[in-house]
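Residue-level structural notes
One-letter residues, chain by chain:
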Amino acid sequence: EAGVAAGGALFDLRPLPERVFGLEPRPLSLDAVQRGGLPDLPRDTPVYLVCARGQVSELAGLYLEAAGFTRVYHLAGGLKAWPGGDAVSFSPRP
């Protein structure tokens, strides 16, 4: 997977006050996804989801897959488990 640099889309599901550090993804809320507020992207675009602990990105991934997105990944354990640095490893949703 070539990732975000090769046309994938990175979405941050953390509340706004928590988005002050780290990555520069597009904001996305779980509430919006649950109500059908889906990203305006081709359904085969790789979608990378991050949140604080991995639970919200996991749930959002379920909704995106149900809506037809075929390449959904999330940061297992969320940003709290990520040690920082340059290497971020996204996992396919199980």
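This text gives an overview of the structure that appears in the document. (Residues numbered from 1 in each chain as written. Predicted model: local features only at pLDDT ≥ 70, side-chain atom pairs only at ≥ 80, totals over all residues. Heavy atoms only, no water.)

With that settled, consider the overall build of the protein. Counting its regular elements, the protein contains 3 helices and 5 strands. Each helix (α) and strand (β) of the protein, taken in turn from the N terminus, gives the series β-β-α-β-α-β-α-β. Looking at the protein as a whole, 39% of its 94 residues qualify as buried. At a minimum sequence separation of 6, the contacts of the protein that also span at least 24 residues come to 61%. Put simply, the protein shows about 5,400 Å² of open surface, and 54% of that area lies on carbon and sulfur atoms. (Helix = DSSP H or I, 4+ residues; strand = E, 2+ residues; numbered from the N terminus. Buried < 20%, exposed > 50% of the residue type's maximum accessible area, 1.4 Å probe, protein only. Contact = heavy atoms within 4.5 Å. Areas by Shrake-Rupley, 256 points an atom, 1.4 Å probe, with all protein chains shown as cover.)

With that settled, consider the pattern of salt bridges. Any two side chains of opposite charge can pair, given that their charged atoms come close. Inspection of the entire model under this criterion finds 1 salt bridge. Among the salt bridges present, the one from Asp-12 reaches Arg-14, with a minimum N-O distance of 2.6 Å. What makes Arg-14 buried here is its relative accessible area of 3%. (Salt bridge = Lys/Arg side-chain N within 4 Å of Asp/Glu carboxyl O.)

Let us now look at the nonpolar core. One broad trend across soluble globular proteins is that nonpolar side chains are buried collectively. Among the nonpolar cores identified, the biggest contains 14 residues, and Phe-11, Val-47, Leu-49 and Leu-64 are the most heavily contacted of them. Of all the secondary structure elements, the ones that give two or more residues to this core are strand 1 (9-12), helix 1 (30-34), strand 3 (47-50) and helix 2 (55-66). Other than its neighbours up to four places away in sequence, Leu-64 contacts Val-33, Leu-38, Pro-39, Val-47, Leu-49, Phe-69 and Val-72. In terms of nonpolar packing, the next biggest core, distinct from the first, is built from 7 residues, Leu-10, Tyr-73, Leu-79 and Trp-82 among them. (Core = buried A, V, L, I, M, F, W, Y, C linked by side-chain atoms within 4.5 Å.)

Our next topic: the environment of Pro-42. Turning to its location among the elements, Pro-42 is positioned in the loop between helix 1 and strand 3. Taking the C-alpha atoms as reference points, Pro-42 and Thr-70, separated by 28 residues in sequence, lie 9.7 Å from one another.

Now for the packing of aromatic side chains. Each aromatic ring pair is summarised here by two numbers: the centre-to-centre distance and the angle between the ring planes. Applying the stated criterion across every chain yields a total of 1 aromatic pair. Each ring, one from Tyr-48 and one from Tyr-73, has its centre 5.2 Å from the other, and the planes form 20 degrees; the classification is stacked. Of this pair, Tyr-48 sits in strand 3 while Tyr-73 is found in strand 4 (residues 72-74), placing the two residues 25 residues apart along the sequence. The burial state of Tyr-48 is the same as that of Tyr-73; both residues are buried. (Phe/Tyr/Trp six-rings, centres within 6.5 Å; stacked < 30°, edge-to-face > 60°.)

Our next topic: helix 2. The terminal C-alpha atoms of helix 2 lie 17 Å apart, and with 12 residues this matches the ideal 16 Å at 1.5 Å per residue to within 8%. When helix 2 is considered as a whole, its buried residues turn out to be Ser-57, Ala-60, Gly-61 and Leu-64. Considered in projection along helix 2, the buried side chains sweep an arc of 110 degrees and stay on one side of the axis. Opposite its buried face, helix 2 presents the exposed residues Gln-55 and Ala-66, each directed more than 90 degrees away. (Expected span 1.5 Å × (residues − 1). Arc of directions from axis to C-beta.)

Read these as spatial facts, not as claims about activity.
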